[in-house]
Amino acid sequence: MLKAHSLLYSVYVCLIVAILCGALLYFATLYNQLNLFYNTNEQLYIQNQSAVNFALGNNLKEESVFITDTSNVKSEIKTKPHGLINLLLVSSYIKSDTVTSSHFVGSFPKEKICLYLSGVSKPISYSGKVKLIGDKQLPSPEIRQFYASSTQNQLTSLGTIALSKPFLPEISNRYKTMSLSLPAKLRSFQNVERNVDSVYYNSFQNETIEIQLANPILDNIVIKGNFIIYAKDSIQVQSTALLEDVILKSPKISFKENFQGAIQAFSSEKIHLEKNVNLHYPSVLCVYNSSENESKITISEDCKIMGAVVLFGNQIKTIDLNTIVFHKKTLLVGDVYSSGKLMMEGKIYGSVYTNRLFHKAASSSYENCIMNCEIDVTKKPSYFVSVPILEDQNTNYGVYKKVL
């Protein structure tokens, strides 16, 4: 009887050892598969980043790239416009595993132009404290003093001064092809599914969702990603709205006080920023007015913009009807282009191109006068990728940011 029990115990022990060994083998197999999975994905991420760098160095040409190493990874590069910003899409794959990435890309400007005032204007004058740091192209090499306020005149000007041409440098063709007309088929937000956290989100790997607003007021809403929002007459963006990487198109667009977000706004008549609006990098404000009507971009006090402000399309005879106005304590890190007039009271860390300057006080208006402002192209960070404004074939590209 004792021997039978011993035999049974031996069987139990062998069974337990067999189960433990099988479990160890099973976990070892899982570990190897998991390790292989992570190694493969790490290799895919590395090669995907290599393909991004290859695309930037190859002027964003679309093509399939075979990575010549033992991993046998293939990457595909695609580019498409998202407003005025290039969208770079890269997919890297091997067998059944795929890694995709989306990036906003722009250009590094080669010129260090601080101010370009076209030859259609009279010689420039200044009043108060003015800083012009960088190369300048002006109708006259002389910058004259003008006494328009009680502030003592003080001009800080560094960089070369050359004579400008009678016209502005040619703006990029991409601006001219921007359309504000409503497409034939548009959706409403009621027909767009929200995420679990009540966010309207659309990946840049998907097709663009185009929305027509029934109500012109964007309030208490979160919209992120690949959207274009249209309105027939106007769009009013409240401070309670959260917009990230979204495009807005309407004849009139306004951003209410304290709004923050990253947007591209395209208008044919008017864009207005109330006080303390903060537009994150990269953002664009653009008015395209080819009519003989008035158009205007107004940046109120304490606003901050990271990107570009552009007004263009008007004829020489309607320069005075098309204006960009930067009020006190405003900051733009980026570039300005105005085929009309420009008034500056804040700071611009970048390049300014305009047909005419002006300053408007409570009771007077002064032509081709700048007052109490700073334009300093050297304060634009060296890593800052600009929104392309001028037509330039020899461009070095860089990444604004990675988007989902």
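Residues numbered from 1 in each chain as written. Predicted model: local features only at pLDDT ≥ 70, side-chain atom pairs only at ≥ 80, totals over all residues. Heavy atoms only, no water.

1. Quick notes on the overall build of the chain
Quick note on the threshold: The secondary structure listing takes helices from DSSP runs of H or I that are at least 4 residues long and strands from runs of E that are at least 2 residues long, numbered from the N terminus. The atom set for the radius of gyration is the C-alpha atoms, and the globule formula is 2.2 Å times the number of residues raised to the power 0.38. Here's how the labels work: a residue is buried when its accessible area is under 20% of the maximum for its type, exposed when over 50%, partly exposed in between, all with a 1.4 Å probe on protein chains only. Two residues form a contact once any of their heavy atoms are found within 4.5 Å. Surface exposure here means Shrake-Rupley accessible area, sampled with a 1.4 Å probe, where a residue is shielded only by the protein chains that are shown.
When you go through the chain residue by residue, the secondary structure sums to 2 helices and 30 strands. Relative to the 2.2 N^0.38 estimate, which gives 22 Å for 404 residues, the radius of gyration of the chain is 29 Å and therefore markedly larger than a compact globule would have. In terms of principal-axis extent, the alpha carbons of the chain reach across some 120 × 45 × 40 Å. Looking at the chain as a whole, 46% of its 404 residues qualify as buried. Contacts spanning at least 24 positions in sequence make up 52% of the contacts within the chain whose residues lie at least 6 apart. As presented, the chain carries roughly 20,600 Å² of accessible surface, and 53% of it is formed by carbon and sulfur atoms.

2. A few points about the side chain of serine 75
To keep it simple, the criterion reads: Distance and chemistry together define a polar contact, namely a pair of N or O atoms within 3.5 Å, with one atom able to donate a hydrogen and the other to accept it when in protein, and with adjacent residues in sequence counting only for side-chain atoms on both sides.
Secondary-structure assignment places serine 75 in strand 2 (residues 74–82). The class of serine 75 is buried, set by a relative accessible area of 0%. Within polar-contact distance, the side chain of serine 75 engages the side chain of serine 92 at 2.7 Å.

3. Some points on the pairing of strand 2
Heads up, the rule is: The criterion for strand pairing is that DSSP finds at least two bridges linking the strands in question.
Sheet topology note: the strand 2/strand 3 (residues 85–94) ladder contains 9 bridges and is antiparallel. Along strand 3, the bridge assignment pairs lysine 78 with leucine 89.

4. Some thoughts on the pattern of salt bridges
To be explicit about the condition: A side-chain nitrogen of Lys or Arg and a carboxyl oxygen of Asp or Glu constitute a salt bridge if their distance falls within 4 Å.
Applying the stated criterion across every chain, the model contains 11 salt bridges. With a shortest N-O distance of 4.0 Å, lysine 224 and glutamate 244 are connected by a salt bridge. With lysine 224 in strand 14 (residues 222–225) and glutamate 244 in strand 17 (residues 242–249), this pair connects stretches of sequence that are 20 residues apart. For glutamate 244, a relative accessible area of 32% puts it in the partly exposed group. Note that glutamate 292 and lysine 317 form a salt bridge whose closest N and O atoms lie 3.1 Å from each other. Of this pair, glutamate 292 sits in the loop between strand 21 (278–288) and strand 22 (295–299) while lysine 317 sits in the loop between strand 23 (304–312) and strand 24 (322–326), and the two are 25 residues apart along the sequence.

5. Considering the nonpolar core
Operational definition: Definition of nonpolar core: a set of buried residues of the types Ala, Val, Leu, Ile, Met, Phe, Trp, Tyr and Cys, connected through side-chain atoms within 4.5 Å.
Leu218, Phe255 and Leu285 are the most contacted members of the largest nonpolar core, which totals 56 residues. Here the element with the most residues in this core is strand 25 (residues 331–344); it accounts for 4 residues. Apart from the residues within four sequence positions on either side, leucine 218 is in contact with Phe189, Leu213, Ile223, Ile229, Ile235, Gln236, Val237, Gln238, Ala241, Leu243 and Leu248. Counting 28 residues, the second-largest nonpolar core is a separate cluster that includes Ile228, Ile247, Phe266 and Val403.

6. Observations regarding a nonpolar patch on the surface
Note the cut-off: Put simply, a patch holds well-exposed residues, over 30% relative accessible area, that have no salt bridge, with like charges counted together within 9 Å and Val, Leu, Ile, Met, Phe, Trp or Tyr side chains within 5 Å.
Residues Leu7, Leu8, Tyr9, Val11 and Tyr12 make up a contiguous nonpolar surface patch of about 530 Å² in total accessible area. In this structure, valine 11 sits in helix 1 (residues 2–57).

7. Regarding the packing of aromatic side chains
Note the threshold: In this analysis, rings of Phe, Tyr and Trp, with Trp reduced to its six-membered ring, are considered paired at centre separations within 6.5 Å, and the interplanar angle assigns stacked below 30 degrees, edge-to-face beyond 60, and tilted for intermediate values.
As enumerated under the stated definition, the model contains 10 aromatic pairs in all. Taking the centre distance of 5.2 Å and the plane angle of 75° together, the rings of phenylalanine 104 and phenylalanine 204 count as edge-to-face. Remark: phenylalanine 204 occurs in the loop between strand 11 (200–202) and strand 12 (209–212) and phenylalanine 104 occurs in strand 4 (residues 97–108); sequence separation between them is 100 residues. Phenylalanine 204 carries the same exposure label as phenylalanine 104, and that label is buried. Aromatic pair tyrosine 288 and phenylalanine 312: ring centres 4.4 Å apart, planes at 5°, arrangement stacked. Of this pair, tyrosine 288 sits in strand 21 while phenylalanine 312 sits in strand 23; the two residues are 24 residues apart in sequence, bridging distant segments of the chain.

8. Quick word on the pairing of strand 3
Where burial is concerned, most of strand 3 is hidden: 8 out of the 10 residues are buried. The hairpin turn running from strand 2 into strand 3, its antiparallel successor, is 2 residues long, and glycine 83 in that turn takes a positive phi close to 70°. Two elements, strand 3 and strand 4, share 9 bridges in a ladder whose sense is antiparallel. Paired with tyrosine 93 across the strands is threonine 98, a residue of strand 4. The turn joining strand 3 and strand 4, which pair antiparallel and follow one another in sequence, is formed by 2 residues; a positive phi near 55° is taken by lysine 95.

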